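# Secondary and tertiary structure notes
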Amino acid sequence: KAISIEPKNVEAQLKLAELYMFVEDYKKSIEYIDNALKIDVTNPKAYFMKGMDFKGMKDTAKAISSFTTAIEQNPKYYECFMQLGLIFSAKHNNLALQYFNTAITLRSQSTEAYYGRAFYHQETGEFDQAIADYNIILQIDPKYKFAHFNLGYLNYTNNKDYEKAIKNFSNAIASDPKYIAAYIWRGLSYENQGNKKAAADDFQKVLSMEPDNDLADKGYKRMTK
């Protein structure tokens, strides 16, 4: 109705585009974004939203182009740097670091930016850098459960330090008492220590929350046979 009264209202065009984005009608969303860009070709939010639509359509090339254009209009557009970091991280492309680093420069207390960089390091085998970033996250937010969990995962898989892994997974559980993956991996850590009772308790806890969890079921049977 707002658009019918004032067709050149950019905010109304973008709000309608946002609603279509939420219901995953990306093509319709882009139509309204293009309408907004015909009115204001330099609008950075419009290009950002267009990038999110293309990302939803799994067209990463066009998403990258749109996010880059948004940054050209607003060089401090934090969300665009984060999206570009995530896209290039998924490709294991080290351009991801450039974008995450800029996002951190723009928001020095951003746990999501540090997490994006940490996870990139983890996926590319740069474990020391990943651990350093996870620890920075925990200085900012001591209850950030994914940082606790990933530290546990690295201590379990890379360092084979099951005692440290147990502490990490326990911290993740303290942050989220229903964190199923943390219970499973803590159970596996106890199992590797030979502590069958503690492992069985963790696997049983998972089954009480998710009775059809295959990993927990197999783990519990191993510990109680």
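One structure accompanies this document, and this report is about it. (Residues numbered from 1 in each chain as written. Predicted model: local features only at pLDDT ≥ 70, side-chain atom pairs only at ≥ 80, totals over all residues. Heavy atoms only, no water.)

### Quick word on helix H12 (residues 180–193)
Between its first and last C-alpha atoms H12 spans 20 Å; for 14 residues at 1.5 Å apiece the expected length is 20 Å, and the two agree. Among the residues of H12, Ile-180, Ala-182, Tyr-183, Ile-184, Arg-186, Gly-187, Leu-188, Ser-189 and Tyr-190 are the ones counted as buried. (Helix = DSSP H or I, 4+ residues; strand = E, 2+ residues; numbered from the N terminus. Expected span 1.5 Å × (residues − 1). Buried < 20%, exposed > 50% of the residue type's maximum accessible area, 1.4 Å probe, protein only.)

### Focus on the packing of aromatic side chains
Summed over all chains, the structure comprises 16 aromatic pairs. With 5.9 Å between their ring centres and 55° between their planes, Tyr-115 and Tyr-134 make a pair best called tilted. Of this pair, Tyr-115 sits in helix H8 (residues 111–123) while Tyr-134 sits in helix H9 (residues 127–140), placing them 19 residues apart in sequence. Members of the aromatic cluster, each reached through a chain of ring pairs, are Tyr-115, Phe-119, Tyr-134, Tyr-144, Phe-146, Phe-149, Phe-169 and Tyr-179. (Phe/Tyr/Trp six-rings, centres within 6.5 Å; stacked < 30°, edge-to-face > 60°.)

### Side note on the environment of Tyr-47
Turning to its location among the elements, Tyr-47 is positioned in helix H4 (residues 44–56). Taking C-alpha positions, Tyr-47 is 8.8 Å from Ile-71, a pair spaced 24 residues apart along the chain. Contacts of Tyr-47, omitting those with residues within four sequence positions, involve Leu-37, Val-41, Thr-42, Ser-66, Phe-67, Thr-69, Ala-70 and Gln-73. (Contact = heavy atoms within 4.5 Å.)

### Section: the packing of helix H6 (residues 78–90) against helix H7 (residues 95–106)
Taken N-terminus to C-terminus, the directions of H6 and H7 make an angle of 155°; their axes are 8 Å apart at the nearest point. Comparing the axis directions of H6 and H7 gives the class roughly antiparallel. For the pair H6 and H7, the sense of crossing is left-handed. Facing H6, whose interface residues are Tyr-78, Phe-81, Met-82, Leu-84, Gly-85, Leu-86, Phe-88 and Ser-89, H7 presents Leu-95, Ala-96, Tyr-99, Phe-100, Thr-102, Ala-103 and Leu-106. (Axes fitted to C-alpha atoms, helices over the stretch in contact; angles between N-to-C directions. Parallel < 35°, antiparallel > 145°, perpendicular 65-115°, else oblique. Left-handed = near helix turned anticlockwise from the far one by under 90°.)

### Observations concerning the packing of H8 against helix H10 (residues 145–157)
Helix-helix packing: each pair is described by the crossing angle between the helix axes and the interaxial distance. It is the contact of H8 with H10, at a shortest axis distance of 12 Å, that shows an interaxial angle of 15°. Here H8 is positioned roughly parallel relative to H10, judged by the angle of their axes. The way H8 lies across H10 gives a crossing that is left-handed. Contacts from Tyr-115, Phe-119 and Gln-122 in H8 reach Phe-146, Ala-147, Asn-150, Tyr-153 and Leu-154 in H10. Looking at the contact of H8 with H10, its residues break down into six nonpolar, two polar and no charged. (Nonpolar A, V, L, I, M, F, W, Y, C, P; charged D, E, K, R; others polar.)

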